[in-house]
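# Topology and contacts: notes
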Amino acid sequence: MRTAPRRASARDGLVARPARPDDARQIASLSAPFVEKGLLIDRTAAELAEKAQEFLVACHEERLVGCAGMAPVGESLVVYNLCIAADWQGRGIGRQLVGLAASIGREQGYQSLLALTRYGGEWFGKLGFSNVPASETRDEWRTLFRPGRRSSLYRLRLASESSRD
């Protein structure tokens with residue numbers, strides 16, 4: 001899932017780039033407040049280091065201020081562990097990370113971008129995602145659900161309507 005660094009916002013001096021294993025501690029720290037609220041799944045720094053190739057990070061100088069993981073699930077790419085530092089929220093960083101994930105998904109031939117969330121369905125809707133009713137949830141997508149989390153699944157189509165997705 002490698003991609004070249006891209007400037008996220010020249011005004012804020014942000015750069016979006018692929019994560020490196022040595023970013024894992026900062027990703028874990030960035031994620032911790034969301035884990036405490038039950039919005040993200042707790043992952044150790046070691047787990048995050050192993051999955052570093054799946055992450056995009058938004059950086060301001062040496063500080064990570066946002067991150068998003070991406071993992072393939074069948075013909076779809078799921079975005080996960082999307083979080084932005086509290087003092088950087090509201091600046092469009094999440095929107096930019098999801099936009100980069102969608103671009104990567106298109107470039108790599110995925111049919112859709114998925115997001116599983118307990119919160120923020122309206123936010124994903126503003127980005128063009130649609131709620132996936134339980135009756136339309138594919139078996140391969142059911143593996144994303146964790147028992148007891150009561151998450152909702154959202155999908156952004158990356159390919160034309162005539163595709164298999």
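Quick look at the structure, then. (Residues numbered from 1 in each chain as written. Predicted model: local features only at pLDDT ≥ 70, side-chain atom pairs only at ≥ 80, totals over all residues. Heavy atoms only, no water.)

### Brief notes about the overall build of the protein
Looking only at helices and strands, the protein features five helices and eight strands. Seen in sequence order, the protein has helices and strands lined up from the N terminus as β-β-α-α-β-β-β-α-β-α-β-α-β. For the protein, the proportion of its 165 residues judged to be buried stands at 48%. Sequence-distant contacts, at least 24 apart, represent 65% of the contacts inside the protein between residues at least 6 apart. Summed over its atoms, the accessible surface of the protein is roughly 8,800 Å², and 48% of this surface lies on carbon and sulfur atoms. (Helix = DSSP H or I, 4+ residues; strand = E, 2+ residues; numbered from the N terminus. Buried < 20%, exposed > 50% of the residue type's maximum accessible area, 1.4 Å probe, protein only. Contact = heavy atoms within 4.5 Å. Areas by Shrake-Rupley, 256 points an atom, 1.4 Å probe, with all protein chains shown as cover.)

### Observations concerning the nonpolar core
Ranked by size, the top nonpolar core spans 51 residues in total, and within it Ile 27, Ile 93, Leu 97, Leu 113 and Phe 129 carry the most contacts. If we ignore the near neighbours within four places in the chain, the residues touching Phe 129 are Val 98, Leu 113, Leu 114, Ala 115, Phe 124, Tyr 154, Arg 155 and Leu 156. (Core = buried A, V, L, I, M, F, W, Y, C linked by side-chain atoms within 4.5 Å.)

### Digging into the pattern of salt bridges
A complete count under the given rule lists four salt bridges for this structure. Between Asp 23 and Arg 17 there is a salt bridge, with its nearest N and O atoms 2.8 Å apart. Residue classification places Arg 17 among the buried residues on the basis of a relative accessible area of 13%. Salt bridges sharing partners connect three or more residues here, namely Arg 17, Arg 20, Asp 22 and Asp 23. (Salt bridge = Lys/Arg side-chain N within 4 Å of Asp/Glu carboxyl O.)

### Re the environment of Leu 127
Structurally, the position occupied by Leu 127 is in the loop between α4 (121–126) and β7 (130–131). Taking the relative accessible area as the measure of exposure, Leu 127 reaches 18% and is therefore buried. Residues Leu 127 and Leu 156, spaced 29 residues apart in sequence, show a C-alpha to C-alpha distance of 8.3 Å. Ignoring anything within four residues of it in the chain, the contact list for Leu 127 reads Arg 95, Val 98 and Leu 156.

### A short note on the pairing of strand β5 (residues 76–84)
By the criterion of burial, β5 is predominantly enclosed, with nine of the nine residues buried. In terms of strand pairing, strand β4 (residues 63–73) meets β5 through seven bridges, oriented antiparallel. Considered in β5, the bridge of Ala 71 is made with Val 78. The hairpin formed by β4 and β5 contains two residues between the paired strands, and Gly 74 there has a positive phi angle of roughly 65°. (Pairing = 2+ DSSP bridges.)

### Things to note about unusual backbone geometry
Phi is positive for Glu 61, close to 55°, though the residue is something other than glycine. For Glu 61, the location among the structural elements is in the loop between β3 (55–60) and β4. One non-glycine residue, Asn 81, lies in the positive phi region at around 55°. Tracing the chain through its elements places Asn 81 in strand β5. Note on Asn 81: relative accessible area 4%, which makes it buried.

### Points about the environment of Tyr 80
By secondary structure assignment, the location of Tyr 80 is in strand β5. Look at Tyr 80 and you get buried, because its relative accessible area is 13%. Considering only alpha carbons, one finds Tyr 80 and Met 70, 10 residues apart in sequence, at a separation of 6.1 Å. Look past the residues within four positions of Tyr 80 in its chain and what remains in contact with it is Arg 43, Lys 51, Glu 54, Phe 55, Ala 68, Gly 69, Met 70 and Ala 71. Only 2.4 Å separates the side chain of Tyr 80 from the side chain of Glu 54, close enough to count as a polar contact. (Polar contact = N/O pair within 3.5 Å; in protein donor to acceptor, adjacent residues only side chain to side chain.)

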